[in-house]
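# Fold and geometry: a report
Chain by chain, the residues:
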Amino acid sequence: MNTLTFRSPEELRTHNLLSVVAHPDDLEMHHSAALSFANQSFALIATDGEKTKLNFTNQVFESPEQIAQVRRVESIRSLAQLGITATVYGELPDGQLGNEPNFSALIDIIRETVEKHDITAILTLGEHGYCGHPDHQATHSAAVAARDALLGEGVSLPLLALSHDHLGELRIPVDRTR
């Protein structure tokens, strides 16, 4: 696969990075450090994560819709703290990103976001996703398909895929004094 390895944070500063993730909190857990160095940072969150089994708040949720609402609010707050320029919520069904018509819809959303926000590089999880999650894998595949379609139209767009196998390639020093 034609991916780009950034060897220093300075290389990221020239890019408008789009983080393409499956769920709220994926970006914060996996991409926030890289995005902090970008010229401008954008987020595309494909689902609201309404099927999650994680619950760190001890809240009782009545429905998947309530979970989605809470996760969206948490996402909005955390992305504001990270200084994300703009966020697109795909509102696709959690757990179904690899299935049609959701997969094609995600590719379209990625392409539209790239074109609308003058994105110069895409950041996503590696092809195996984080912990093999099918939505993470589908998000990676959709990012690759969108990048390849844009390349076919003459748009050169690097793809940075982060996975546990690739984390050693991107070492970003953190200044904890800011």
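Residues numbered from 1 in each chain as written. Predicted model: local features only at pLDDT ≥ 70, side-chain atom pairs only at ≥ 80, totals over all residues. Heavy atoms only, no water.

Turning to the overall build of the protein chain, a few remarks are in order. Across its full length, the protein chain holds six helices and five strands. When burial is assessed residue by residue, the protein chain has 45% of its 178 residues classed as buried. Pairs at least 24 apart in sequence give 72% of the contacts found in the protein chain among residues at least 6 apart. Summed over its atoms, the accessible surface of the protein chain is roughly 9400 Å², and 50% of this surface lies on carbon and sulfur atoms. (Helix = DSSP H or I, 4+ residues; strand = E, 2+ residues; numbered from the N terminus. Buried < 20%, exposed > 50% of the residue type's maximum accessible area, 1.4 Å probe, protein only. Contact = heavy atoms within 4.5 Å. Areas by Shrake-Rupley, 256 points an atom, 1.4 Å probe, with all protein chains shown as cover.)

Turning our attention to the environment of N16. Within the secondary structure, N16 sits in strand β1 (residues 16-21). In this structure the C-alpha to C-alpha distance between N16 and F37, which are 21 residues apart in sequence, comes to 9.8 Å. Setting aside residues up to four positions removed in sequence, N16 forms contacts with N39, Q40, F42, H117, D118, I119, T120 and A121.

A regular strand places its side chains so that they alternate between the two faces of the sheet. Counting buried positions along strand β4 (residues 121-125) yields five of five residues, so the element is predominantly enclosed. Here β1 runs beside β4; their pairing, made up of four bridges, is parallel. Each residue of the ladder has a partner; that of L17, found in β4, is A121. Looking at chain direction, β4 and strand β5 (residues 159-162) are connected through four bridges and run parallel. In the strand pairing of β5, I122 is matched with L159. (Pairing = 2+ DSSP bridges.)

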